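Listed below, chain by chain, are the residues.
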Amino acid sequence: MTGKNTLDLDSTYRFWRRRLMLFMIVGYATFYLTRKSFNFVMPVMQSELLLDKSDIGWIATAFYLTYGISKFLSGIFHDITGYRWFMGVGLVMTGLLNIIFAYCLSFPALLLVWTLNGFFQGWGWPPCARILTHWYSRNERGFWWGLWNISINLGGMLLPLLTALLATQYSWQMALIVPGVIGLVVGLWLCGQLRGTPQEEQLPSVGQWRQDLLELRQERLSPPMPMWVILKDAIVFNRMIWLLGFSYILVYLIRMAINDWGNLWLTETHGTNLLSANATLSLFELGGLLGALCSGWGSDILFRGQRAPMILLFSLGLCISVSALWLTPIHHYALLAVCFFAIGFFVFGPQMLIGLAATEYCHKKAAGAVTGYLGLYAYLGAAIAGWPLSQVIAHYGWSGMFTLLASAAALMGLLLMPLLIANVSKREHMAGSVSPSDN
C-alpha cells in the first residue's frame, strides 16, 4: 500500500472523507441556488415582463439542453485533467450570470443569459462524481451518495422560501441577485478546498483500504486505457447505459415538471399565493432528501450494493403518488402537501440510484464522463418538461400534464429492471474471484 501505518491511514482517510463530503454538499447546494432561482420567481416575472407560457418554456428548454451537453463534455474534460478548481470556477460564473439575468428585461436577453448559465452549471457535477467514486467504496457508496444528494434538496428547500421572501419584500430582481452573490462567495472558497483521488494524495485506493471485494472487482474491470476507448466501449455502445439513460429521461421529466410547473399549477388551480405555493414545493424537496437517503441506504443494506431492486420499488411508489396528486378530489392544503412530499420521496430515489448504478457499471476512471453522458438523457427529459410540456398544458390543460407524468412513472419501472438485474450479475461474474490481497 504505502509507507503509512494503519492508524495514520485510517485517520487520514476519515479526515478527508468527512471534509470532502462537507465541501461537496455546500458547493452543490449553492449550485442549485443559482440553477433554479428563475423557476421560483417565474409567476412574478411572467406578469411584470408580459411573458407567456411559451416564452418560459423556451427559456427552460434551452437551459436544460445546454446544461446536459455541458455536463457530458465537462465530465470528459474533468476525468482527463482532474483540475481541483473546476467546480469553484463554474460556481463563480453561475453566480455572475444570475446577477446579470436580474437586469435583463427582454426575452432574447433572458434566453441568452440563462442558456449561458446552463453551460457553467454543467461544471458542478464532474468533480463530485470523481470524489464519490474514488473516496467511498462500493458496499457503502449508496449511503454516501445519498448523503451527498441531500445537497440538491437542501438547495431546493431553501431556494423557494428565500426567493419568495425576497420577491415579495423587495423585488424579483433581488431574488436572483442574492443567490448570485452567495454563488460568487462559495465558488471562490471552493476553489482551494477540493482534492484529487486518494492515489493523488499518496493513499491506497479505497477498495484496498476498506478491503471491499465489490470495489476491488470494479478496479479489476478498469485497467488503464485511453479515454476515447472508454467512451466507445464502456459508455456510448453499452446497452445497459442506454437503458439507464432512457429511464433517466422519464425520471427527469417527472422531477422537473413538478419542480418547474408546480407553483404555477397551485396558483392557477388552487388559488394559492406565491409564498404558500413555494412553501409546498419545499416539501417536495424535503421528501426528496429523505428518499435519496433511504434508497441509497436500502440498496447497501437490503440488496448488498445492487441498485436495481430499490429503483423498481421507488418507481411503483412514484406512479401511485403522482396519480394521487392528480386525482385528489378535494382542495385541501395538507393533503396536497403530503402528495408533493411523497412525489419528492419517490422521484429522488431513482434519480440518485440510476446515476450511481451507471458509475458502478462503467470504467472506474470515467465517473464524470458516464454521469455526464447520462446527463444528456436526463436533461433531454428536463427539456421536454419545458416548451413541449407547455404545449401539452396549453392544449390539454393540467390534466394532460398529469396523465403524461403518471404514464412516465409506470413505464420507467417496466423499461429497466429485468435487464439491469441480469446484466449486472453477468458483468460481475466476468470479473472472476477477487481477494482483499489482490492489487
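Participant: Explain the overall build of the protein chain here, please?
Facilitator: Helix and strand content of the protein chain: 17 helices and zero strands. Rg of the C-alpha trace for the protein chain: 21 Å, near the compact-globule value of 22 Å for 439 residues, within the 12% margin. Each of the 439 residues in the protein chain was classed as buried or not, and the buried ones make up 61%. Here the analysis covers contacts within the protein chain between residues at least 6 apart in sequence; of these, 85% occur between residues at least 24 apart.

Participant: Honestly, the side chain of Ser37 in this entry has me stumped. Any pointers?
Facilitator: Looking at the element boundaries, Ser37 is found in helix 1 (residues 6-40). Here Asn98 takes part through its side chain, which lies 2.6 Å from a polar atom of the side chain of Ser37. Setting aside anything within four residues of it in sequence, one finds Ser37 in contact with Asn98, Trp114, Leu159, Thr163, Ala175 and Leu176.

Participant: Please explain the pattern of salt bridges as it appears in this structure.
Facilitator: Two side chains bearing opposite charge may form a pair once their charged atoms approach each other closely. Tallied over the entire structure, the rule returns 11 salt bridges. Where Arg84 meets Glu201, a salt bridge forms, and the shortest distance between an N and an O atom there is 2.9 Å. Of this pair, Arg84 sits in the loop between helix 3 (53-81) and helix 4 (86-101) while Glu201 sits in the loop between helix 8 (174-191) and helix 9 (206-210), placing them 117 residues apart in sequence. Assessed through its relative accessible area of 35%, Arg84 is described here as partly exposed. Notably, a salt bridge pairs Glu140 with Arg210, separated by 3.5 Å at the nearest N-O pair. Placement of Glu140 in helix 7 (residues 138-169) and of Arg210 in helix 9 is noted, with a sequence separation of 70 residues between them. Because the salt bridges share partners, they merge into one network encompassing Arg138, Arg141, Glu215, Asp300, Arg307 and Glu360.

Participant: Any chance you could explain the environment of Thr34 here in plain terms?
Facilitator: If you trace the backbone, Thr34 turns up in helix 1. Sequence spacing of Thr34 and Val92 is 58 residues, and the spatial spacing of their C-alpha atoms is 10.0 Å. Discounting chain neighbours no more than four positions away, the residues touching Thr34 are Leu91, Thr94, Gly95, Asn98, Trp114, Asn117, Gln121, Pro179, Gly180 and Gly183.

Participant: Honestly, unusual backbone geometry in this entry has me stumped. Any pointers?
Facilitator: Even without being a glycine, Gln202 presents a positive backbone phi close to 65 degrees. One can find Gln202 in the loop between helix 8 and helix 9. Residue Gln202 is classed as exposed on the basis of its relative accessible area, which comes to 57%. Although it is not a glycine, Gln211 sits at a positive phi angle of roughly 55 degrees. Relative to the elements of secondary structure, Gln211 occurs in the loop between helix 9 and helix 10 (213-220). A relative accessible area of 38% places Gln211 in the partly exposed class.

Participant: Sorry if this is basic, but what is going on with the state of the cysteines here?
Facilitator: What makes a disulfide is a covalent bond joining the sulfur atoms belonging to two cysteines. All told, the structure shown has zero disulfides when counted by the stated rule. There is no disulfide at Cys128, and the cysteine sulfur nearest it, in Cys191, is 13 Å away. Assessed through its relative accessible area of 0%, Cys128 is described here as buried. Owing to a relative accessible area of 25%, Cys191 belongs among the partly exposed residues under this scheme.

Participant: What exactly am I supposed to notice about the environment of Thr81 here?
Facilitator: Within the secondary structure layout, Thr81 lies in helix 3. With a relative accessible area of 30%, Thr81 lands in the partly exposed category. Engagement of the side chain of Thr81 in a polar contact is seen with the backbone oxygen of Phe77, the distance being 2.9 Å.

Participant: Before we go on, may I ask you to explain the packing of aromatic side chains in this structure?
Facilitator: For any pair of aromatic rings, geometry is given as the distance between the ring centres together with the angle between the planes. Under the defined criterion, the tally for this structure stands at 39 aromatic pairs. Measuring from centroid to centroid gives 4.4 Å for Phe101 and Trp114, while their planes differ by 45 degrees, and the two rings are tilted. Remark: Trp114 occurs in helix 5 (residues 107-121) and Phe101 occurs in helix 4; sequence separation between them is 13 residues. Residue Trp114 is classed as buried on the basis of its relative accessible area, which comes to 2%. A connected cluster of aromatic rings, assembled from ring pairs, spans Phe38, Phe63, Tyr64, Tyr67, Phe101, Trp114, Tyr248, Tyr252 and Tyr379.

Participant: I keep staring at the confidence of the model for the protein chain and nothing clicks. Help me out?
Facilitator: Low pLDDT means the predicted coordinates in that region are not meant to be read closely. The share of residues in the protein chain with pLDDT of 70 or more is 93%, and the mean pLDDT across the chain is 84. Taken element by element, the protein chain is modelled with least confidence in helix 17 (residues 387-430), mean pLDDT 76, and with most confidence in helix 4, mean pLDDT 95.

Participant: Quick question: what am I supposed to make of the side chain of His78 here?
Facilitator: If you trace the backbone, His78 turns up in helix 3. Classification of His78 as buried rests on a relative accessible area of 3%.

Participant: Explanation requested: the packing of helix 11 (residues 227-236) against helix 16 (residues 367-384) in the structure shown.
Facilitator: Pairs of packed helices are described in terms of their axes, by the angle between the two and the distance that separates them. Packing of helix 11 against helix 16 leaves a shortest axis separation of 11 Å and a crossing angle of 55 degrees. The orientation of helix 11 relative to helix 16 falls into the category oblique. In the crossing of helix 11 with helix 16, the sense of the turn from one axis to the other is right-handed. For the pair helix 11 and helix 16, the contacting residues are Leu231, Ile235 and Val236 in the first and Ala369, Val370 and Tyr373 in the second. Classifying every residue of the contact of helix 11 with helix 16 gives six nonpolar, no polar and no charged.

Conventions used here
Residues numbered from 1 in each chain as written. Predicted model: local features only at pLDDT ≥ 70, side-chain atom pairs only at ≥ 80, totals over all residues. Heavy atoms only, no water. Helix = DSSP H or I, 4+ residues; strand = E, 2+ residues; numbered from the N terminus. Rg over C-alpha atoms; globule rule 2.2 N^0.38 Å. Buried < 20%, exposed > 50% of the residue type's maximum accessible area, 1.4 Å probe, protein only. Contact = heavy atoms within 4.5 Å. Polar contact = N/O pair within 3.5 Å; in protein donor to acceptor, adjacent residues only side chain to side chain. Salt bridge = Lys/Arg side-chain N within 4 Å of Asp/Glu carboxyl O. Disulfide = S-S within 2.5 Å. Phe/Tyr/Trp six-rings, centres within 6.5 Å; stacked < 30°, edge-to-face > 60°. pLDDT = per-residue confidence, 0-100. Axes fitted to C-alpha atoms, helices over the stretch in contact; angles between N-to-C directions. Parallel < 35°, antiparallel > 145°, perpendicular 65-115°, else oblique. Left-handed = near helix turned anticlockwise from the far one by under 90°. Nonpolar A, V, L, I, M, F, W, Y, C, P; charged D, E, K, R; others polar.

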